[in-house]
Amino acid sequence: MKELVEVIAKALVNNPDEVVVTEKTEGKNTVLELHVAASDMGKVIGKQGRIAKSIRSVVKAASSKDKMNVDVEIV
C-alpha cells in the first residue's frame, strides 16, 4: 500500500523528490502518513478535499482485498 500512495502522490505534485510515505502498523490496522512539500499540499488535498478522499478510497479498495484496514493521513 505504501508504494501505491507514493506513486499517486508523486504524479500529483511538482516536487516528487519530497514525497515521503511512512507506515505504522498495529495489528490489522495500518496508518500511512504522506509527507509532501508545503507548496504541494493543496494539490494533494484538492478542492474541498476531493483528491484526498479519492486517494483514501483507492487505498481502502486495494487493502480490502488483503482484509486489512489502511488509513491515509496527509501530514
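Above this text sits the structure in question.
Description of the structure in this document. Here the structure is a predicted model, which is why all the values come from computation and not from measurement.

### Section: the sheet that holds strand β2 (residues 29–35)
Across the sheet, 3 strands lie side by side as β1-β2-β3; this open sheet has mixed pairing. Both outer strands of the open sheet, β1 (20–26) and β3 (69–74), are each paired with one neighbouring strand and no more. Direction aside, the axes of adjacent strands within the sheet are offset by 20° on average. With 6 bridges connecting them, β2 and β3 associate as parallel partners. Bridged to V31 within β3 is D71.

### Describing the side chain of E33
Note that E33 resides in strand β2. For E33, a relative accessible area of 15% gives the class buried. A distance of 3.2 Å separates a polar atom in the side chain of E33 from a polar atom in the side chain of K24. Beyond its immediate sequence surroundings of up to four residues, E33 is in contact with V20, V21, T22, K24, E73 and V75.

### Brief notes about the pattern of salt bridges
Per the stated rule, a full pass over the model turns up 3 salt bridges. For K24, the salt bridge goes to E33, with nearest N and O atoms at 3.2 Å. For D71, the salt bridge identified is with K60, shortest N-O distance 3.0 Å. Of this pair, D71 sits in strand β3 while K60 sits in helix α3 (residues 50–64), and the two are 11 residues apart along the sequence.

### A closer look at the nonpolar core
Core analysis: the biggest nonpolar cluster contains 13 residues, and V5, V19, L34, V36, V44 and V59 have the highest contact counts within it. Mapped onto this core, the elements with two or more residues apiece are α1 (2–12), β2, α3 and β3.

Parameters and conventions
- Residues numbered from 1 in each chain as written.
- Predicted model: local features only at pLDDT ≥ 70, side-chain atom pairs only at ≥ 80, totals over all residues.
- Heavy atoms only, no water.
- Pairing = 2+ DSSP bridges.
- Helix = DSSP H or I, 4+ residues; strand = E, 2+ residues; numbered from the N terminus.
- Axes fitted to C-alpha atoms, helices over the stretch in contact; angles between N-to-C directions.
- Buried < 20%, exposed > 50% of the residue type's maximum accessible area, 1.4 Å probe, protein only.
- Polar contact = N/O pair within 3.5 Å; in protein donor to acceptor, adjacent residues only side chain to side chain.
- Contact = heavy atoms within 4.5 Å.
- Salt bridge = Lys/Arg side-chain N within 4 Å of Asp/Glu carboxyl O.
- Core = buried A, V, L, I, M, F, W, Y, C linked by side-chain atoms within 4.5 Å.

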